[in-house]
There are 2 protein chains.
Amino acid sequence: MSLIVVGSVAYDGVETPHGRVDRMLGGAATYIALSASYFTKVGVVAVVGEDFAKEDTDLLAGHGVDLEGLERVAGKTFFWKGKYTPDMNDRETLVTDLNVFADFQPKLPESYKSAPYLLMGNIQPGLQRGVQGQMSKLTLAGGDTMNYWIADFREELLKTIRTWDFLLINDGEARMLSGETNLKKAAAKILDMGPHTLVIKRGEYGAILFRRDSYFIVPGYLLESVFDPTGAGDCFAGGFIGYLAQQGFDIEADHVDRHELSRAVIYGSVMGSFCCEQFGVERFRTLKRSEIDARFEEFRQFTTF
Amino acid sequence: MSLIVVGSVAYDGVETPHGRVDRMLGGAATYIALSASYFTKVGVVAVVGEDFAKEDTDLLAGHGVDLEGLERVAGKTFFWKGKYTPDMNDRETLVTDLNVFADFQPKLPESYKSAPYLLMGNIQPGLQRGVQGQMSKLTLAGGDTMNYWIADFREELLKTIRTWDFLLINDGEARMLSGETNLKKAAAKILDMGPHTLVIKRGEYGAILFRRDSYFIVPGYLLESVFDPTGAGDCFAGGFIGYLAQQGFDIEADHVDRHELSRAVIYGSVMGSFCCEQFGVERFRTLKRSEIDARFEEFRQFTTF
């Protein structure tokens, strides 16, 4: 196994201006794993209930995702339901039924423990730390968090990210975590908290990669229509870490090409943009690696001067 | 003369979270001309009142801006006063005293009429057309407009931009003019209205250059603090057209390098970013061409992957 992903595997109900789906496969770990599967061998650590459908495990397995770490327990799978605003830049959560996820205690199969790459989706920071503690040969570890943990679990979160290589959050979260409105100042403060690499996601406006000595900005891909932005941030994370895992990226190694991190941000952006093209995980039923590489080249075209 | 700029020369009162200035030099033509003056020889067509200060004509003249087209008439100079929101992405207009600008009828000195480049700042579309009609040897002409003209002078505006080479507007104006929310679709519709080149400005998020067969996106420059965004869009316009004038850009010529337009967008972004660093036109009292070129290279650094 090359990359371990921990997070939620869930069912989602989503309403956007383009339509409504009452129940479909979702969850951060699902999106991260599907996205990363185009680049590297992924194992998932998550929990689902007895209602989790065979067609959904089949979709993951069909992408080569290892499911030994996908625990199945009595009860129902985590369910989330949300509705997007007309411009799709914001959403309202209508239902959050944690179900079996409420007692999630991530346990790693033996075969996962020596994987070099780890992506921790947005879950309680203590659980993220617990997963990282079970891994013995990490080359690169990082993940996501959200406003809830920043506001109410701050100390726990700070303790957790102190040992991370990278943190992936959105601009609002970066401002909240740092207490700085200006993103450059916010980034400097966050890099003092532990991670050597910070990626700030800006939704339709793209993303910024910050390191102590440099930064890289990519604009968002111009989609002709955004069907459903659910999971786009997780697909970004999957593309980012998936590409680095594929390249065998090692920040400690001599002569690390810092442009690799920029290219990882582009692959993240590419995967996030595909995710928005259809509802839920639908786009990943047909997406081919060649389309991914073609869009990567498109990014080069429209950003080169 | 290489570039003619028409628009307002005004006094502004501005309040931002960083402070307040009750009266300072402003106006679209002022910002455009100062910005473009770093690249090419500029002549200004505008009107001021008897109160227009010698130190303000001196600032323009000190940048090599030709003022033969700056008419001085009885009355007071156009005065505008505005207050920015705390995040500085929006502003409220508190005072608009048109004064001598109310009867502005742009008249071009003979020496301006054969200039190859024309930038029409945001004024009544009929006046913009009147200026363009007085010029005999145009290579490239275009300009800016705003929500007011789009909403209430639509037919007049459409008639005016039909013969423009380029239009520079912000994202909200592009949506309003086209009736399309999606920027790619909006751009396609606007390119059908006449201009072969459209630049959509997105404030802190940068800008997009659209042509029929391609587009180019640049992210915004990350400033550590934005002192006063007044005039940033006009400085963008000045850098854009100024660079093209300096290069002798001619869209009709064989082998036009389409990347020249992208580089013009970068110079526009560079000039807009400098403008925000101090109140009003202050930054242009000290700005050197070498700083401009250094920031251009910085754009290359943080966008290359």
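Quick note: structure is the one above.
Procedures and definitions
- Sequence order as written defines the numbering, with residues in each chain counted from 1.
- Chain labels run from A onward and ligand labels from 1 onward, assigned in the order the entries are written.
- Thresholds applied to this predicted model are a pLDDT of at least 70 for local features of residues and 80 or more for the giving and counting of side-chain atom pairs; totals over whole chains, interfaces and linings are not thresholded and use all residues.
- Excluded from the side-chain calculation are hydrogens and water; included are all heavy atoms of the structure.
- Residue contacts follow a heavy-atom distance rule, with two residues in contact if any of their heavy atoms lie within 4.5 Å.
- When two parts are put together, the accessible area they lose, computed with a 1.4 Å probe and summed over both, is reported as buried area.
- Here a polar contact is taken to be a pair of N or O atoms separated by no more than 3.5 Å, where protein atoms must pair a possible hydrogen donor with a possible acceptor and residues adjacent in sequence count only if both atoms sit in side chains.
- Put simply, DSSP H or I for four residues or longer makes a helix, DSSP E for two residues or longer makes a strand, and each gets a number counted from the N terminus.
- Alignment of copies: least-squares fit on C-alpha atoms of residues with pLDDT of at least 70 in both copies.
- Three labels apply to residues, based on accessible area from a 1.4 Å probe with only protein chains included: buried if under 20% of the type maximum, exposed if over 50%, partly exposed otherwise in between.
- Grid points spaced at 1 Å over the protein atoms alone were grouped into cavities, where a 1.4 Å probe fits but cannot get out, and pockets, open sets with protein on both sides within 12 Å along at least five of seven lines, with lining residues defined by an atom within 4 Å of a point.
- Grid points are joined across faces, edges and corners, and a volume is the space filled by probe spheres set on the points.
- The nonpolar class holds Ala, Val, Leu, Ile, Met, Phe, Trp, Tyr, Cys and Pro. Asp, Glu, Lys and Arg form the charged class, and all remaining residues, Gly among them, are polar.
- Only centres within 6.5 Å qualify two rings of Phe, Tyr or Trp (six-membered ring in Trp) as a pair; their planes then separate them into stacked at under 30 degrees, edge-to-face at over 60, and tilted for everything else.
- Either the NZ atom of lysine or the CZ atom of arginine qualifies as a charge over a ring when it sits within 6 Å of the ring centre and within 35 degrees of the ring normal.
- A side-chain nitrogen of Lys or Arg and a carboxyl oxygen of Asp or Glu constitute a salt bridge if their distance falls within 4 Å.
- To obtain the arc, one takes the directions from the helix axis to the C-beta atoms.
- The criterion for strand pairing is that DSSP finds at least two bridges linking the strands in question.
- Simply put, an axis is a line fit to the C-alpha atoms, just over the touching stretch for a helix, and the angle between two N-to-C directions goes from 0 to 180 degrees.
- A pair of cysteine sulfur atoms is labelled a disulfide when the two atoms are within 2.5 Å.

(A) Spatial organisation of the interface of chain A and chain B. Listed by partner, the interface residues are 33 residues for chain A and 33 residues for chain B. Taken over both partners, the interface formed by chain A and chain B buries close to 3,100 Å², and the fraction arising from carbon and sulfur atoms is 58%. On the chain A side of the contact with chain B, Tyr 205, Leu 222 and Phe 305 of chain A bury the most area, a combined 29% of that side's loss. For the pair chain A and chain B, the number of links is 8 residue pairs in polar contact (both at pLDDT 80 or more). Counting only elements with at least two residues in the side of chain A that touches chain B, the list comes to helix 7 (183–191), strand 12 (207–211), strand 13 (214–218), helix 9 (259–275) and helix 10 (289–303) of chain A. For the side of chain A that touches chain B, the element with the most residues is helix 10 of chain A, which contributes 7 residues.

(B) Representation of the relation of the copies chain A and chain B within the structure. Of the transformation superimposing chain A on chain B, the axial component is 0.0 Å and the angular component is 180°, with the fit at an RMSD of 0.0 Å. On this basis, the relationship between the two copies can be described by a two-fold rotation axis. Distance from the rotation axis, computed per C-alpha, reaches its smallest value in chain A at Pro 219 of chain A: 2.7 Å. Taken together, the interface assignments show that 100% of the residues at the interface of chain A recur at the interface of chain B, consistent with an identical surface on both copies.

(C) How the structure looks around helix 3 (residues 125–133) of chain B. All names here are of chain B. When helix 3 is considered as a whole, its buried residues turn out to be Pro 125, Gly 126, Leu 127, Gln 128, Val 131 and Gln 132. Of the surrounding elements, those touching the buried residues of helix 3 are strand 1 (3–6), strand 8 (117–120), strand 9 (140–144), helix 4 (147–152) and helix 5 (154–161). The opening residue of helix 3, the one whose side-chain oxygen lies 3.1 Å from the backbone nitrogen of Gly 126, is Gln 124.

(D) Spatial organisation of empty space enclosed by the protein. Residues and elements named next belong to chain B. This model, assessed by the stated rule, comprises 6 cavities of 30 Å³ or more. Taken together, Gly 13, Val 14, Glu 15, Arg 20, Val 21, Asp 22, Lys 81, Gly 82 and Leu 94 make up the lining of the largest cavity. Those elements giving two or more residues to the lining of the largest cavity turn out to be strand 2 (10–16), strand 3 (19–26) and strand 6 (79–84). A per-class count over the lining of the largest cavity returns 3 nonpolar, 2 polar and 4 charged.

(E) Focus on the packing of aromatic side chains. If you walk through the whole model with that rule in mind, you get 39 aromatic pairs over all chains. Ring geometry for Tyr 11 of chain A against Phe 52 of chain A: centres 5.4 Å apart, planes inclined by 35°, an arrangement best described as tilted. Here Tyr 11 of chain A is found in strand 2 (residues 10–16), whereas its partner Phe 52 of chain A is found in the loop between strand 4 (42–48) and helix 2 (54–62), with 41 residues between them in sequence. With centroids separated by 5.1 Å and ring planes inclined at 80°, the aromatic side chains of Trp 149 of chain B and Phe 153 of chain B adopt a geometry described as edge-to-face. Classification of Phe 153 of chain B by relative accessible area gives partly exposed; the value is 27%. Put simply, the rings of Phe 39, Phe 216, Tyr 243, Tyr 267 and Phe 296 of chain A together with Phe 305 of chain B touch in pairs and so form one group of aromatic residues. Seen from the ring of Phe 274 of chain A, Arg 295 of chain A lies directly overhead, with NZ or CZ sitting 3.9 Å from the centre.

(F) Representation of the pattern of salt bridges within the structure. All names here are of chain A. What the rule picks out here adds up to 32 salt bridges over all chains. A salt bridge links Asp 51 to Arg 23; the nearest nitrogen and oxygen atoms lie 3.1 Å apart. Highlighted residues: Asp 51 in the loop between strand 4 and helix 2 and Arg 23 in strand 3 (residues 19–26), separated in sequence by 28 residues. Judged by its relative accessible area of 26%, Asp 51 is partly exposed. Overlapping salt bridges, with partners in common, bring together Glu 277, Arg 283, Glu 291 and Arg 295 in one network.

(G) Representation of helix 3 (residues 125–133) of chain A. Regarding helix 3 of chain A, the residues found buried are Pro 125, Leu 127, Gln 128, Val 131 and Gln 132 of chain A. All buried residues of helix 3 of chain A fall inside an arc of 160° around its axis, so they share one side.

(H) Inspection of the sheet that holds strand 7 (residues 91–97) of chain A at higher detail. All names here are of chain A. Pairing within the open sheet is mixed, and its 4 strands lie in the order 3-2-6-7. Two strands close off the open sheet at either side, each with one partner strand: strand 3 and strand 7. Averaged over all pairs of adjacent strands, the angle between their axes in this sheet comes to 15°, without regard to strand direction. With 6 bridges connecting them, strand 2 and strand 3 associate as antiparallel partners. Looking at the pairing, Ala 10 lines up with Gly 26 of strand 3.

(I) The arrangement of the state of the cysteines in detail. All names here are of chain A. For the coordinates displayed, the defined rule picks out 0 disulfides over all chains. Its sulfur unpaired, Cys 235 is 3.5 Å from the next cysteine sulfur, which belongs to Cys 275. Accessibility expressed as a relative area gives 0% for Cys 235, which makes it buried.

(J) View of the sheet that holds strand 6 of chain B. Residue and element names in this part refer to chain B. Across the sheet, 4 strands lie side by side as 3-2-6-7; this open sheet has mixed pairing. In this open sheet, the two edge strands, each paired with only one partner strand, are strand 3 and strand 7 (91–97). The mean angle between the axes of side-by-side strands here comes to 15°, regardless of whether they run parallel or antiparallel.

(K) Up close: unusual backbone geometry. Residue and element names in this part refer to chain A. One non-glycine residue, Met 88, lies in positive phi territory at about 60°. In this model, Asn 99 sits at a positive phi of 50°, which is unusual for a non-glycine residue. You can see Asn 99 is positioned in the loop between strand 7 and strand 8 (117–120).

(L) Highlighting the pairing of strand 11 (residues 197–201) of chain B. Residue and element names in this part refer to chain B. The buried fraction of strand 11 amounts to 5 of the 5 residues, a majority that puts the element mostly inside the structure. Here strand 11 shows a buried face lined by Thr 197, Val 199 and Lys 201 and a second buried face lined by Leu 198 and Ile 200. Relative to strand 11, strand 10 (residues 166–170) runs parallel, the two being bridged by 5 bridges. Across the sheet, Ile 169 pairs through a bridge with Ile 200, a residue of strand 11. When strand 11 meets strand 12 (residues 207–211), the two strands line up antiparallel, connected through 4 bridges. Note that in strand 12 the partner of Val 199 across the bridge is Leu 209. Between the antiparallel neighbours strand 11 and strand 12 lie 5 residues, among them Gly 203 with a positive phi of about 60°.

Remember that the coordinates give geometry; whether it matters functionally is a separate question.
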